[in-house]
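# Coordinates in review
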Amino acid sequence: MSNGEVRIINCALNEGNGDENTDSEIGEQQQVDDQNKEELMTTVAVYKNVHKQASSKTICLMDNDIFSGSETGQIVRIQPASRSTHAVRPFADDLMVCVTHLRTCDNFLMLSAHSTGQIHLWDVRKRPQSPDFGIEPLNSRPVTGLNNSITAIATHPTQLHVVGIGTHDGVVSFIDLRQNNEPLPIAFRVSQEPVTEIKFHPLYANNCFSLSESSLIHWDGTVLSREINKTIYSSPNNGGGDQLLDSELLVMEMDEEDERRNIWLSARASTNMQLRVLIEGEPKLLSTFDIVEGALVGGSHTAELILLKGIHFVN
């Protein structure tokens, strides 16, 4: 929260009967919901001033621990199961820049994104040597231009080392966390405004979506995926074509390996990725969206919702 608090809230499930309800039944259910509202959302714990008066900008849950990142660059670990006075401990300190996002990217790895355009990779199994000082990241790298804040981040649903990034200047890019020394990734400028959210489809990961206040864009990589697979299976080093020099084969094998890893890392994405605007113009001031198997819902700062149904996604 902006006041520096971190709260744990228990949200009880309100399960319906699965059938269509009449207007009277809906009214009765609303009265019950109003009466039980306090029971449906109950504050379990409150941790105050976890960042020494600075606001908590982002939260990440890993196993039974909570990690909170602040506008001052501090990351703290909160252990709700601990009844000691050290339930809140510094995890990483003095990063000097705002932590914009924290994300899980493996069983023991956490990714932090920052307003300077840098990312840090952390091993959460490590503990600070002193209660007053944090640990060092496993590695760090810039992924945007200097001081171009990372405003959105998403991890691939099946290959957690593949990360989509959105920035303050309206750029989307994709990186491989395993490659520490690569140059800045290919930048796709898709908006004049900050990219506020980016998500991969949870089931059809060759589809990605980016959001700004003015538009929601579908990144469709299905055609690119087919082209890559066709090229790989018909390439000279898979038994066809003319004889090439060893050096040429090595370059081709390296390119093919990148593309086998994930289409979002392919150099062809800059020319072969298909982009489609799903929402533009109305509603204005888009603020958030979510995806299920064949549908998508978007919300706006104007309190409007838009539901897109019957969308056919494939890999």
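Small disclaimer: the values here were computed from a predicted structure and weren't measured.

### Points about the overall build of the protein
When you go through the protein residue by residue, the secondary structure sums to five helices and 21 strands. Across the 315 residues in the protein, those meeting the buried criterion constitute 43%. Long-range pairs, those at least 24 residues apart, make up 52% of the contacts in the protein between residues at least 6 apart in sequence. Carbon and sulfur atoms make up 50% of the accessible area of the protein, which totals about 17800 Å².

### Structural notes on the nonpolar core
By size, the foremost hydrophobic cluster in this structure holds 20 residues, and its most contacted members are V172, F174, V190, I198, C208, W219 and W264. Going through the elements one at a time, β11 (150-155), β13 (171-176), β15 (197-200), β17 (215-220) and α3 (222-233) are the ones with two or more residues in this core. Apart from the residues lying within four places of it in its own chain, the contact partners of V190 are G170, V172, V195, S210, I217, W219 and L275.

### Topic: the confidence of the model for the protein
Looking at the protein, pLDDT values average 82 and 78% of them are 70 or higher. Across residues 239-244, where pLDDT falls below 50, the model places five contacts with residues more than four positions away in sequence or in other chains. In this model, residues 247-256 is a region of pLDDT below 50 whose contacts with residues beyond four sequence positions or in other chains number ten contacts.

### A short note on empty space enclosed by the protein
Applying the stated criterion across every chain, the model contains two cavities of 30 Å³ or more. The volume enclosed by the largest cavity comes to roughly 50 Å³. Around the largest cavity, the lining residues are L111, I119, H120, L121, N139, S140, R141, L177 and N180. Elements with a minimum of two residues in the lining of the largest cavity: β9 (118-123) and β10 (139-142). Of the residues in the lining of the largest cavity, the class split is four nonpolar, four polar and one charged. Its volume calculated, the second largest cavity comes out at about 30 Å³. Around the second largest cavity sit V190, S191, V195, S210, L211, S212, S215 and I217, which together line it. Mapped by element, the contributors of at least two residues to the lining of the second largest cavity are β16 (207-211) and β17. Per-class residue counts for the lining of the second largest cavity are four nonpolar, four polar and no charged.

### Let's talk about the sheet that holds β11
The strand order across the open sheet built from four strands is β11-β12-β13-β14, with neighbouring strands paired in antiparallel fashion. Strand pairing shows two members of the sheet lacking a second neighbour, β11 and β14 (188-189), which therefore form its edges. As defined by bridge partners, β11 adjoins strand β12 (residues 162-167) across five bridges and the pair is classed as antiparallel. If you follow A152 over to β12, its bridge partner there is G166.

### Some words on the pattern of salt bridges
Summed over all chains, the structure comprises seven salt bridges. D176 is the partner of R178 in a salt bridge, and the nearest nitrogen-oxygen pair spans 3.3 Å. Between K199 and D290 there is a salt bridge, and its shortest N-O distance comes to 3.4 Å. Highlighted residues: K199 in strand β15 and D290 in strand β19 (residues 286-291), separated in sequence by 91 residues. According to the relative accessible area criterion, K199 is partly exposed, its value standing at 23%. Residue classification places D290 among the partly exposed residues on the basis of a relative accessible area of 42%.

### Re the layout of surface pockets
Empty space within the second largest pocket amounts to approximately 240 Å³. Taken together, 15 residues make up the lining of the second largest pocket; nearest its centre are I153, A154, T155, I198 and K199. Here the lining of the second largest pocket takes five residues from β11, the largest share from any one element.

Reading guide: rules and limits
- Residues numbered from 1 in each chain as written.
- Predicted model: local features only at pLDDT ≥ 70, side-chain atom pairs only at ≥ 80, totals over all residues.
- Heavy atoms only, no water.
- Helix = DSSP H or I, 4+ residues; strand = E, 2+ residues; numbered from the N terminus.
- Buried < 20%, exposed > 50% of the residue type's maximum accessible area, 1.4 Å probe, protein only.
- Contact = heavy atoms within 4.5 Å.
- Areas by Shrake-Rupley, 256 points an atom, 1.4 Å probe, with all protein chains shown as cover.
- Core = buried A, V, L, I, M, F, W, Y, C linked by side-chain atoms within 4.5 Å.
- pLDDT = per-residue confidence, 0-100.
- 1 Å grid on protein atoms, 1.4 Å probe; cavity = no way out; pocket = protein on both sides within 12 Å on 5 of 7 lines; lining within 4 Å.
- Points joined across faces, edges and corners; volume = space filled by probe spheres on them.
- Nonpolar A, V, L, I, M, F, W, Y, C, P; charged D, E, K, R; others polar.
- Pairing = 2+ DSSP bridges.
- Salt bridge = Lys/Arg side-chain N within 4 Å of Asp/Glu carboxyl O.

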